[in-house]
Amino acid sequence: QKEVEQDPGPLSVPEGAIVSLNCTYSNSAFQYFMWYRQYSRKGPELLMYTYSSGNKEDGRFTAQVDKSSKYISLFIRDSQPSDSATYLCAMWGSGSARQLTFGSGTQLTVLP
Amino acid sequence: DGGITQSPKYLFRKEGQNVTLSCEQNLNHDAMYWYRQDPGQGLRLIYYSQIVNDFQKGDIAEGYSVSREKKESFPLTVTSAQKNPTAFYLCASSSTGTDTQYFGPGTRLTVL
């Protein structure tokens, strides 16, 4: 079993929809959680960085962390065609979790 | 502009040849990383370096070598011992060994 599981999709939604992307993890030592966005044939760019359980909002993006369930989510409101990309969750912590560990990525297409 | 540059963007190699991928950063980051990305498998760590003249193997170091003679530079050599080198290679850096990682644009290597 992978330490970080992420549904690879692909996920297609109409423009304006609310998108929910999710990751689950098994190592309770993970403490810091990130979401990266990767356009085709480009390097990943950092979207969101969270530490504590709860929600963090940045414009149309909301990152949610539930440490008790070992579950993180990224919500995209009013999705746009420019949001079409692969979204990677990543996490690290202390001890056995010191190395940044990535999910396999979810491919999202927002249809105009 | 501060950032991470990788060159070349595309690289073709014949079987049995070694090839070196360049990674340079002007962010004054101490730590640098090399990842390999294959479809559906997310990012896998090849090598990382937290300080000049020191580096450690990641999860898939076999068939690869690195050097870290300067803080700004972390070149990766893909040797002929790497059995399946065709992939997208990403370089990243962070201000410490455990801080947020920022990625370069990537090099796509194809072995003919």
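Everything quoted here is computed from the prediction, not taken from an experiment. Along each chain, residue indices are assigned from 1 in the same order as the chain's sequence is written. Lettering of chains starts at A and numbering of ligands starts at 1, both following the order in which they are written. Only residues with pLDDT of 70 or above have their local features reported here, since the model is predicted, and side-chain atom pairs are shown and tallied only from 80 upward, although totals for entire chains, interfaces and linings are computed over all residues. The basis for every side-chain value is the complete set of heavy atoms in the structure, and neither hydrogens nor water enter the calculation.

Caption draft 1: Up close: the nonpolar core. Throughout, nonpolar core names a set of buried Ala, Val, Leu, Ile, Met, Phe, Trp, Tyr and Cys residues whose side chains join them through atoms within 4.5 Å. Per-residue accessibility, obtained with a 1.4 Å probe over protein chains only, is compared with the maximum for each type, and a residue is labelled buried under 20%, exposed over 50%, and partly exposed between these values. Judged by nonpolar contacts, the single largest core of 25 residues is most densely connected at Trp35, Ile72, Leu74, Tyr87 and Met91 of chain A. Segments assigned H or I by DSSP are reported as helices when at least four residues long, segments assigned E as strands when at least two residues long, and all are numbered from the N terminus. Every element with two or more residues in this core is listed here: β3 (19-25), β4 (30-38), β5 (45-50), β7 (61-66), β8 (71-76), β9 (85-93) and β11 (106-111) of chain A. Within the second largest apolar cluster, 20 residues are counted, among which are Leu11, Cys23, Tyr47 and Tyr89 of chain B.

Caption draft 2: How the structure looks around the sheet that holds β3 of chain A. All names here are of chain A. Within the open sheet, the five strands sit side by side as β1-β3-β8-β7-β6. Their pairing is antiparallel. With one partner strand each, in any of the chains shown, β1 (4-6) and β6 (54-58) form the two edges of the open sheet. The mean angle between the axes of side-by-side strands here comes to 15°, regardless of whether they run parallel or antiparallel. Strand direction decides the pairing type here: β6 and β7, joined by five bridges, are antiparallel. Paired with Lys56 across the strands is Ala63, a residue of β7. Only when DSSP finds a minimum of two bridges between them are two strands counted as paired. Here an angle of 0 to 180 degrees is reported between the N-to-C directions of two axes, which are lines fitted to C-alpha atoms, with helices fitted over the stretch in contact.

Caption draft 3: Molecular detail of empty space enclosed by the protein. A cavity, in this analysis, means grid points on a 1 Å lattice covering only the protein atoms where a 1.4 Å probe fits yet has no way out; a pocket is instead an open set bounded by protein on both sides within 12 Å along at least five of seven lines, and a residue lines either one if it has an atom within 4 Å of a point. Grid points are joined across faces, edges and corners, and a volume is the space filled by probe spheres set on the points. Scanning all chains against the criterion turns up one cavity of 30 Å³ or more. The calculated volume of the largest cavity comes to roughly 40 Å³. Lining the largest cavity are Arg41 of chain A together with Lys9, Tyr10, Phe88, Pro105, Gly106 and Arg108 of chain B. For this scheme, ten residues count as nonpolar: Ala, Val, Leu, Ile, Met, Phe, Trp, Tyr, Cys and Pro. Four count as charged, namely Asp, Glu, Lys and Arg, and the remainder, Gly too, count as polar. When its residues are assigned to classes, the lining of the largest cavity shows three nonpolar, one polar and three charged.

Caption draft 4: Geometry of the interface of chain A and chain B. Whether two residues are in contact is decided by their heavy atoms: any pair within 4.5 Å suffices. Opposite the 18 residues of chain A that make contact, chain B presents 20 residues. Summed over both partners, buried area is the accessible surface (1.4 Å probe) that two parts give up on being assembled. Roughly 1,500 Å² is buried in total at the junction of chain A and chain B, and carbon and sulfur atoms are behind 55% of that figure. Of all residues in chain A, Arg41, Gln99 and Phe102 of chain A bury the most surface against chain B, accounting for 31% of the area lost on that side. Salt bridge, as applied in this entry: a Lys or Arg side-chain nitrogen positioned within 4 Å of an Asp or Glu carboxyl oxygen. Run the count over chain A and chain B and you get zero salt bridges. Pairs of N or O atoms are called polar contacts if they sit within 3.5 Å, as long as, within protein, a hydrogen donor faces a hydrogen acceptor (for residues adjacent in sequence, only side-chain-to-side-chain pairs). Viewed at the interface, chain B and chain A are joined by three residue pairs in polar contact (both at pLDDT 80 or more). Those elements that provide at least two residues to the side of chain A that touches chain B are β4, β5 and β9 of chain A. With three residues, the single largest contributor to the side of chain A that touches chain B is β4 of chain A. Residues belonging to the side of chain A that touches chain B are distributed by class as follows: nine nonpolar, five polar and four charged.

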